[in-house]
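# Examining the three-dimensional arrangement
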Amino acid sequence: MKSLVSAVISTVVAIVAIAYYVPWNTYSERKPAGAGVEEMKGQIETMFLASWRDYSKYGWGYDVYDTINHNFHNMPRDNRPLGWIIVDSVDTLMLMYNSSVLYKSEFEAEILKSEEWIGNVLDFDIDAEVNLFETTIRMLGGLLSAYHLSDLLEVGNKTVYLNKAIDLGDRLALAFLSTQSGIPYSSINLRSGRAIKNHVDGGASSTAEFTTLQMEFKYLAYLTENRTYWDLVERVYEPLYKNNDLLNAYDGLVPIYTFPETGKFSGSNVRFGSRGDSFYEYLLKQYLLTHETLYYDLYRKSMQGMKKHLLAHSKPSSLWYIGEREEGLQGKFSSKMDHLVCFMGGLLASGATEGLSVNEARERPFFSLFPDRQNDWLLAKELTHTCYQMYNQTPSGLAPEIVVFNEGNTEQNGWWQSSSGDFFVKPLDRHNLQRPETVESIMFMYHLSHDNKYRQWGADIASSFLENSCIDCDDLNLRRFTSLSDCIVLPTKKSNNMESFWLAETLKYLYILFLDDFDLTKVVFNTEAHPFPVLDEKILKSLSLTTGWSL
Ligand SMILES: *[C@@H]1O[C@H](CO)[C@@H](O)[C@H](O)[C@H]1NC(C)=O
Ligand SMILES: *[C@@H]1O[C@H](CO)[C@@H](O)[C@H](O)[C@H]1NC(C)=O
Ligand SMILES: *[C@@H]1O[C@H](CO)[C@@H](O)[C@H](O)[C@H]1NC(C)=O
């Protein structure tokens, strides 16, 4: 392993040197936004409020909101609301309430209105099947972080959120009883508690889905002192690691489908994009949240596997990226990368410094003991730079859903090519859903390095959303933001939808980028950007909330 590591370090160093010669500002006509920090905070608050006021006026209470024609509907088949947009947004309202100069009282009023709806209208006794993963990360995660911030920032009534979280957690927990292995089916009926197997993919569950529930249920176990939640979510790992010989046969990497009955993988498609991504994220984040060292070790193995099998750089400017192995680790390498993979800059950086600034981290024994941390940090910078280029090099300044990096001989019939030539966009991948992953990494890189370049990048992306994702932009009372079906043509093609993660994640991470004293050692974000506090080790021990398995 050592030789590989040092090879990667020296290559990364060489690439850093090259990358700084690339004049990336010249790729685009857009001027760097020179706004000050307070001005940027205010701008992001007004962007959030534009979307929020429009939703409140035309779609209030509904789960799915059509931005162009103001239509709406609910997600469950029985047409009762799950709280999809409101619950996902409350903690963003709270963070903005806490730091806003201009709109503090409006944010407070909106928190109380949302809380009233959650306490009195929202009812999870719904006779319909919901996706276990999405409902956990967005609704359970949103309620738990609203509880935490309500408590910390002294706004609203925290008990309302915790009561709802317990009610929902008990309903979702039944999904873990669906198989002998402990790996849950992908959906559950919230009223009957009946778990439902995936209707497609041969009944296999997405690997990232059942391994991205652990932070939420572990925090719930801590708050309620009920270790059943903890035990249920932890059980999924033993069959996954042991029945697949994961560390040896797969170098810590996971194919994206798993049969829930046996824990055995289905197929051999390995990627850090959809259905793979947050498996890796929650290994590190469980360690950061609960200090269970087993998960740090497992994360380390996975990162070594990623560097060995998936890491590459493009032609001609050597942008580092994480590719895919659709036919297994021995199969052909694919230079395709989902925008979803862009969370990896922030993840590698937090894994390297554990929330400290990199200069502070370098003074700590943990940094010199593990040379991989320095390598992870350099790679985090490179990947974040690549993901910024996925914005900076498109005509709209906004990134498409998927790119294919240029390997030199990459096929390109009918594909759009970026201005530096480093990546292509296929005709069906030109949409932009206002996803958060790049601004997430930029936010982490800024707070961990204090390099102002990252605030500049965030300001560029915010101004691209403002220019090119906006509907009725000139009218402050009608202005709102929407997904795009094409971010390559100008003017961009708007699509009729706003994802809840625009409010829950993208605008939240952009906002935190411009907060000056945000302490990343005290908080861990779940995969939907809901912040949980780092849990107290003494309390965890006193509740016997400890790792219950080993390899
Ligand atoms: C809330 O605001 C205070 C005062 O500005 C600030 O020190 C603190 O970091 C903020 N908390 C969060 C979680 O943003
Ligand atoms: C907070 O909410 C709980 C649960 O709904 C309720 O019992 C309690 O009275 C509320 N507290 C205040 C101060 O309103
Ligand atoms: C603990 O959580 C489990 C799982 O939801 C639930 O069945 C049980 O009733 C809870 N125990 C207590 C004491 O609330």
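Everything numeric here is computed off the predicted structure, so don't read it as measured data.

### Description of the overall build of the protein
Secondary structure summary: the protein contains 21 helices and 20 strands in total. In terms of overall dimensions, the protein is globule-like: its C-alpha atoms have a radius of gyration of 22 Å, near the 24 Å expected for 551 residues. Each principal axis of the C-alpha distribution contributes one length, and for the protein these read about 60 × 55 × 50 Å. When burial is assessed residue by residue, the protein has 64% of its 551 residues classed as buried. Long-range contacts, defined here as pairs at least 24 residues apart, represent 69% of the contacts in the protein between residues at least 6 apart. Put simply, the protein shows about 20200 Å² of open surface, and 50% of that area lies on carbon and sulfur atoms.

### Section: the site of ligand 1
Taken together, the neighbourhood of ligand 1 is formed by Leu 95, Asn 98, Leu 153, Asp 517 and Phe 518. Separating an oxygen atom of ligand 1 from a side-chain N or O atom of Asn 98 is a distance of 2.4 Å. Within the side chain of Asp 517, a nitrogen or oxygen atom sits 3.1 Å from an oxygen atom of ligand 1.

### Some remarks on the site of ligand 2
Close contacts around ligand 2 come from Asn 157, Thr 159, Val 160 and Asn 163, and that covers them all. One nitrogen or oxygen atom from the side chain of Asn 157 is found 2.3 Å from an oxygen atom belonging to ligand 2. Taken by itself ligand 2 offers 370 Å² of open surface, and the protein chains cover 28% of this. By residue class, the composition of the shell around ligand 2 is one nonpolar, three polar and no charged.

### Focus on the UniProt feature "active site" (unreviewed entry) in the protein
Mapped onto this numbering, the UniProt entry gives "active site" (unreviewed entry) at Glu 134, Asp 277, Glu 401 and Glu 437. Inspection of the secondary structure puts Asp 277 in helix H12 (residues 277–290). With respect to the helices and strands, the residue Glu 401 is situated in the loop between helix H17 (372–392) and strand E12 (402–405). Once you skip the residues sitting within four places of it in the chain, Glu 401 turns out to touch Asp 338, His 339, Asp 429, His 431, Leu 433 and Arg 435.

### Some words on unusual backbone geometry
Peptide bonds are, in most cases, trans, and in most cases residues other than glycine have a negative phi. Here the bond from Lys 315 into Pro 316 is cis, since omega is 0 degrees, no more than 30 degrees from zero. Structurally, Pro 316 can be placed in the loop between strand E9 (311–313) and strand E10 (320–322). Here the amide bond leading from Leu 490 into Pro 491 is cis, since omega sits at -5 degrees, within 30 degrees of zero. Relative to the elements of secondary structure, Pro 491 occurs in the loop between strand E17 (484–486) and strand E18 (493–494). A positive phi is found at His 291, a non-glycine position, where the angle reads about 65 degrees. On the secondary structure map, His 291 appears in the loop between H12 and helix H13 (293–309).

### Observations concerning helix H9 (residues 227–234)
For H9, the full list of buried residues reads Tyr 229, Trp 230, Leu 232, Val 233 and Glu 234. In this structure, the buried residues of H9 make contact with helix H6 (158–173), helix H8 (214–224), helix H10 (237–242), H12, H13 and helix H21 (537–542).

### Quick notes on the UniProt feature "binding site: Ca(2+)" (unreviewed entry) in the protein
Summarizing the sequence annotation, UniProt attributes the feature "binding site: Ca(2+)" (unreviewed entry) to Thr 527 in the numbering used throughout. The topology assignment puts Thr 527 in the loop between strand E19 (523–525) and strand E20 (531–533). Beyond its immediate chain neighbours, meaning those up to four positions away, Thr 527 contacts Ile 137, Thr 212, Ser 278, Glu 281, Tyr 282 and Glu 505.

### Details of the packing of aromatic side chains
This model, assessed by the stated rule, comprises 33 aromatic pairs. Centre to centre, the rings of Tyr 287 and Tyr 296 are 5.1 Å apart; their planes meet at 55 degrees, and the pair counts as tilted. Since its relative accessible area comes to 13%, Tyr 287 is described here as buried. A residue is classified by how much of its surface remains accessible, and Tyr 296, at 4% relative accessible area, is buried. By way of ring pairs, the aromatic residues Tyr 237, Tyr 241, Phe 272, Phe 279, Tyr 280, Tyr 295 and Trp 549 are connected into one cluster. One residue, Lys 218, lies across the ring of Trp 230, its end atom 4.6 Å from the ring centre.

### Observations regarding the state of the cysteines
Each disulfide is one covalent bond, formed between the sulfur atoms of two cysteines. Taken as a whole, this structure holds two disulfides when the rule is applied. The partner cysteine of Cys 342 in its disulfide is Cys 387, sulfur to sulfur 2.1 Å. Taking the torsion about the S-S bond as the criterion, the Cys 342 to Cys 387 disulfide, at about -90 degrees, is left-handed. Of this pair, Cys 342 sits in the loop between strand E11 (336–338) and helix H14 (344–353) while Cys 387 is found in helix H17, placing the two residues 45 residues apart along the sequence. Each of the two residues, Cys 342 as well as Cys 387, counts as buried.

### Section: the pattern of salt bridges
If charged atoms from side chains of opposite charge come close, those side chains can pair. Taken as a whole and judged by the stated rule, the model has 29 salt bridges. Glu 281 is paired through a salt bridge with Lys 285; the nearest N and O atoms lie 2.7 Å apart. Here Glu 281 pairs with Lys 285, and both are found in helix H12, just four residues apart, close to one helical turn. Of the two residues, Glu 281 and Lys 285, neither departs from the other in class, the shared state being buried.

### Quick notes on the sheet that holds strand E7 (residues 255–258)
Spatially, the three strands line up as an open sheet ordered E6-E7-E8, and their pairing is antiparallel. Each edge of the sheet is formed by a strand with only one pairing partner; in this case those strands are strand E6 (205–206) and strand E8 (265–270). Direction of pairing for E6 relative to E7: antiparallel, over a ladder of two bridges. Looking at E7, one finds that Ser 206 is bridged to Tyr 257.

### Some words on the environment of Leu 551
If you trace the backbone, Leu 551 turns up in the segment after H21. C-alpha of Leu 551 to C-alpha of Ile 539: the two residues are twelve residues apart in sequence and 25 Å apart in space. Apart from the residues lying within four places of it in its own chain, the contact partners of Leu 551 are Tyr 241, Lys 242, Leu 247 and Leu 298.

### Description of the pairing of E12
Residue alternation in E12 divides its side chains into two sets, Ile 402 and Val 404 and Val 403 and Phe 405, and both sets are buried. As paired strands, E11 and E12 are joined by three bridges and run antiparallel to one another. In the strand pairing of E12, Met 337 is matched with Val 403.

Definitions and cut-offs
Residues numbered from 1 in each chain as written. Chains lettered and ligands numbered in written order. Predicted model: local features only at pLDDT ≥ 70, side-chain atom pairs only at ≥ 80, totals over all residues. Heavy atoms only, no water. Helix = DSSP H or I, 4+ residues; strand = E, 2+ residues; numbered from the N terminus. Rg over C-alpha atoms; globule rule 2.2 N^0.38 Å. Buried < 20%, exposed > 50% of the residue type's maximum accessible area, 1.4 Å probe, protein only. Contact = heavy atoms within 4.5 Å. Areas by Shrake-Rupley, 256 points an atom, 1.4 Å probe, with all protein chains shown as cover. Near = heavy atom within 4 Å. Polar contact = N/O pair within 3.5 Å; in protein donor to acceptor, adjacent residues only side chain to side chain. Nonpolar A, V, L, I, M, F, W, Y, C, P; charged D, E, K, R; others polar. UniProt positions renumbered as here; feature names shortened; annotations may be inferred. Phe/Tyr/Trp six-rings, centres within 6.5 Å; stacked < 30°, edge-to-face > 60°. Lys NZ or Arg CZ within 6 Å of the ring centre and 35° of its normal. Disulfide = S-S within 2.5 Å. Salt bridge = Lys/Arg side-chain N within 4 Å of Asp/Glu carboxyl O. Pairing = 2+ DSSP bridges.

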